[in-house]
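Single-letter residue listing:
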Amino acid sequence: MPYSDLRDFIDELEKKKELKRISVEVDPFLEITEFADRSVKNNGPALLFEKPKGSRVPVLINGFASMRRMELALEVESVESVAQRIYEFLEMRMPEGLIGKLKMLPKLAEVGAFFPKMVSSGPSKDIIRHDNFSLNEFPILHCWPQDGGRFITLPMVFSRNPDTGKRNCGCYRMQVYDERTTGMHWQTHKHGAEHYRRLLKEGKTKEGKAPRMDVAVAIGSDPATMYSAILPLPPDLDEMMMAGFLRGKPVEMVKCEMSDLEVPANAEIVLEGYVEIGENRTEGPFGDHTGFYSLEDEYPVFHITCVTQRKHPIYATTIVGPPPMEDFYMGKAIERIFLPLMRLQLPEIRDISMPAEGVFHNLIMVSIRKSYPLHARKVMHAIWGLGQAMFSKCIVVVDEDVDVQDVREVAWKALNNIDPERDIQFVLGPVDSLDHSSRMPNYGSKMGIDATRKWREEGFQRPWPDVIRMPDEVKQRVNQLWKKAGLA
Ligand SMILES: Cc1cc2nc3c(=O)[nH]c(=O)nc-3n(C[C@H](O)[C@H](O)[C@H](O)COP(=O)(O)O)c2cc1C
Ligand SMILES: [Mn+2]
């Protein structure tokens, strides 16, 4: 049964002993971060702070912060099975003949069953406030000492593409400026930023006013719906449809009070408002998922005009910081879920891995079935052209016999296999907005390392040695002798 909302998920986490209620008073100013950081680094449970200092609203953190909790969130035994389901869908081509087509019908009906469904109301409308609301009521974290303020860290930010009318939902952090104003940290490559740019291009309205972009922010929902906000989907592909696919049931949406946007009916808290086109304000610094503070920068401003919420809402949040944090597990699940999609374009890919220390964009290790000269270079360039994988600062390509989930094996084999001057490819291109080393924001270089075995057709004339391995029969003989020798 799909989770009906956040509290349903919390109940399940509690049943599975994956959640700890914290009844002592803890301060959202730094203290909750320290709790969450220690817990995730010690494989601890999700935490529900019942008495955050200064607020009556409880705080959920680390709900996704282990592979087990990711599996519970997505209601699967292993996240690989999500990948398998996606793969089966993508494999689905119109078969020949009437019988074949008829057999397809149930699958197609299933596709229809994922589309979000409009409902007239829901718990997110329990309380509707056009005035007398304040962000100060909520236990919004001040995460790290040098942060520019308090940040909403796990929002689902809804907007519409002004040209196609298609919905987008992305997770972009929001710095609290005052009781009704926040930052809107959609980085330049993200879909929210693209919607904004399109409106910016339109310029002033007929009345000579700056156009406003309607934005609605939902905080806390069932876990698959929350998770869909971070998925790197193509533009105009509705995250709510993906959420419906993940949970196996349509997401129920309600219309906003102030705009024609829609938000999940089961949301805990909804902030409705607008972004004034052309208005920017300094955002940051913020202790980021790179483990460093991201620098101050100019970002749009979100003005809240209405708050709708449950009677007793729960505030869902996360922290990022030195890895591994909760977002590592969310990202690891993306790695697993998106591999079959990547393989659809690049069937030569066997596996990929983004170790925690690489904070996603800094390092991706790829094993391929190499079939032609410079094949590894082709794979690098393809990855640099593939959605948010464009940010990959360092791509290491190895042969298919290398297990990329084992960083030590990759380091050992790759370092042996490379002649650096020959095998390293530098390119210029867009880089992650969080990269503090690039010469300019969003502009920098990337490195691909071809660590595959080199071929004659690639100009390599020397023999290539084998990896050392003991034959199995010798191992078995020694197994016997080992005991006889008294080595237990
Ligand atoms: C905890 C967390 C916080 C994030 N914060 C931001 C952020 O502040 N700005 C941003 O552009 N992306 C942020 N992301 C990444 C985006 O959510 C992700 O790139 C997503 O695919 C964006 O959606 P979009 O492709 O519809 O734009 C964050 C991800 C996580 C897991
Ligand atoms: Mn999107």
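The structure this text deals with has already been given above.
The structure contained in this document is the topic of the report that follows. (Residues numbered from 1 in each chain as written. Chains lettered and ligands numbered in written order. Predicted model: local features only at pLDDT ≥ 70, side-chain atom pairs only at ≥ 80, totals over all residues. Heavy atoms only, no water.)

1. Some points on the overall build of the protein
Counting secondary structure elements, the protein contains 13 helices and 23 strands. For 488 residues, the compact-globule estimate of 2.2 N^0.38 gives 23 Å, and the protein sits close to it at 25 Å. In terms of its C-alpha atoms, the protein occupies a principal-axis envelope of roughly 80 × 60 × 60 Å. Summed over its atoms, the accessible surface of the protein is roughly 23,400 Å², and 55% of this surface lies on carbon and sulfur atoms. (Helix = DSSP H or I, 4+ residues; strand = E, 2+ residues; numbered from the N terminus. Rg over C-alpha atoms; globule rule 2.2 N^0.38 Å. Areas by Shrake-Rupley, 256 points an atom, 1.4 Å probe, with all protein chains shown as cover.)

2. Digging into the coordination of the manganese ion (ligand 2)
Tetrahedral coordination by four donors sets the ideal angle at the metal to 109.5 degrees; octahedral coordination by six donors sets it to 90 or 180 degrees. Of the protein atoms, only Asn-168 (OD1), His-191 (ND1) and Glu-239 (OE) coordinate the manganese ion (ligand 2), at distances of 2.1 to 2.2 Å. When the donors of the manganese ion (ligand 2) are listed by position in the chain, the intervening gaps give N-x22-H-x47-E. Of the two residues, Asn-168 is situated in strand S8 (residues 167-170) and His-191 in helix H6 (residues 191-202); the sequence distance between them amounts to 23 residues. For the pair formed by Asn-168 and His-191, the shared burial category is buried. (Donors = N, O, S within 2.8 Å, 3.2 Å for Na, K, Ca; no water. Buried < 20%, exposed > 50% of the residue type's maximum accessible area, 1.4 Å probe, protein only.)

3. Structural notes on the packing of helix H4 (residues 80-91) against helix H9 (residues 326-345)
Closest axis-to-axis distance for the H4/H9 pair is 7 Å, and the angle between their directions is 30°. With respect to H9, the element H4 is oriented roughly parallel. Of the two possible hands of crossing, H4 and H9 adopt the one that is right-handed. Along the contact surface, H4 presents Glu-80, Val-82, Ala-83, Ile-86, Tyr-87 and Leu-90, while H9 presents Arg-336, Ile-337, Pro-340, Leu-341 and Leu-344. (Axes fitted to C-alpha atoms, helices over the stretch in contact; angles between N-to-C directions. Parallel < 35°, antiparallel > 145°, perpendicular 65-115°, else oblique. Left-handed = near helix turned anticlockwise from the far one by under 90°. Contact = heavy atoms within 4.5 Å.)

4. What about the sheet that holds strand S22 (residues 424-430)?
Across the sheet, which stays open at both edges, the 5 strands sit in the order S19-S20-S21-S23-S22 with mixed pairing between neighbours. Edge positions in the open sheet fall to strand S19 (349-353) and S22, since each of these has one partner strand only. On average, each strand axis in the sheet is tilted by 20° relative to the strand beside it, whichever way the strands run. Note that S19 and strand S20 (residues 364-368) share 4 bridges and pair antiparallel. Looking across to S20, one finds that Ile-349 is bridged to Ile-368. Contacting S19, S20, strand S21 (394-399), S22 and strand S23 (443-450), helix H10 (residues 375-384) runs over the sheet at an angle of about 150° to S23. Together, S20 and S21 form the strand contacts of helix H11 (residues 407-417), whose direction differs from that of S21 by roughly 80°. (Pairing = 2+ DSSP bridges.)

5. Quick notes on the pattern of salt bridges
For the structure on display, the rule yields 38 salt bridges. Residue Glu-18 is joined to Arg-69 by a salt bridge in which the shortest nitrogen-to-oxygen separation is 2.9 Å. Pair noted here: Glu-18 is in the loop between helix H1 (6-15) and strand S1 (19-26) and Arg-69 is in helix H3 (residues 67-74), with a separation of 51 residues, a long-range link. When its relative accessible area of 16% is taken as the criterion, Glu-18 is described as buried. Accessibility expressed as a relative area gives 1% for Arg-69, which makes it buried. For Arg-310, the salt bridge identified is with Glu-268, shortest N-O distance 3.2 Å. One end of the pair, Arg-310, is in the loop between strand S17 (297-309) and strand S18 (315-316); the other, Glu-268, is in the loop between strand S13 (262-264) and strand S14 (269-283), with 42 residues separating them in the sequence. Judged by relative accessible area, Arg-310 falls into the buried class, the value being 8%. Residues participating in the shared-partner salt-bridge network are Glu-80, Lys-332, Glu-335, Arg-336 and Asp-351. (Salt bridge = Lys/Arg side-chain N within 4 Å of Asp/Glu carboxyl O.)

6. Here we look at the packing of aromatic side chains
Applying the stated rule across the entire model yields 10 aromatic pairs. With a centroid separation of 6.0 Å and 85° between ring planes, the pair formed by Tyr-172 and Trp-186 is classed as edge-to-face. Taken together, the positions of Tyr-172 in the loop between S8 and strand S9 (174-178) and Trp-186 in the loop between strand S10 (181-183) and H6 put the pair 14 residues apart, joining distant regions of the chain. Accessibility assignment for this pair places Tyr-172 and Trp-186 in one class, buried. Taken together through their ring pairs, the aromatic side chains of Tyr-3, Phe-9, Phe-64 and Tyr-227 make up a single cluster. Its end group placed over the ring of Phe-245, Arg-85 keeps NZ or CZ at 4.0 Å from the ring centre. Across the ring face of Tyr-177, the terminal group of Arg-281 is positioned such that the distance to the ring centre comes to 3.9 Å. (Phe/Tyr/Trp six-rings, centres within 6.5 Å; stacked < 30°, edge-to-face > 60°. Lys NZ or Arg CZ within 6 Å of the ring centre and 35° of its normal.)

7. Details of the site of ligand 1
Close to ligand 1 lie 19 residues; Cys-171, Tyr-172, His-185, His-191 and Gln-388 are nearest. Here an oxygen atom of ligand 1 sits 3.0 Å away from a polar atom, N or O, in the main chain of Gln-187. Measuring from an oxygen atom of ligand 1, one finds a backbone N or O atom of Ile-230 at 3.2 Å. Protein burial of ligand 1: of its 630 Å² of free accessible surface, 89% is covered by the chains. Of the residues that constitute the shell around ligand 1, the class distribution is 8 nonpolar, 8 polar and 3 charged. (Near = heavy atom within 4 Å. Polar contact = N/O pair within 3.5 Å; in protein donor to acceptor, adjacent residues only side chain to side chain. Nonpolar A, V, L, I, M, F, W, Y, C, P; charged D, E, K, R; others polar.)

8. With respect to a nonpolar patch on the surface
Together, Val-478, Leu-481, Trp-482 and Leu-487 make up an exposed nonpolar region whose accessible area comes to about 390 Å². When you line up the elements, Val-478 lands in helix H13 (residues 472-484). Under the relative-accessibility criterion, Val-478 is labelled partly exposed at 37%. (Patch = residues over 30% accessible without salt bridge, like charges linked within 9 Å, V, L, I, M, F, W, Y side chains within 5 Å.)

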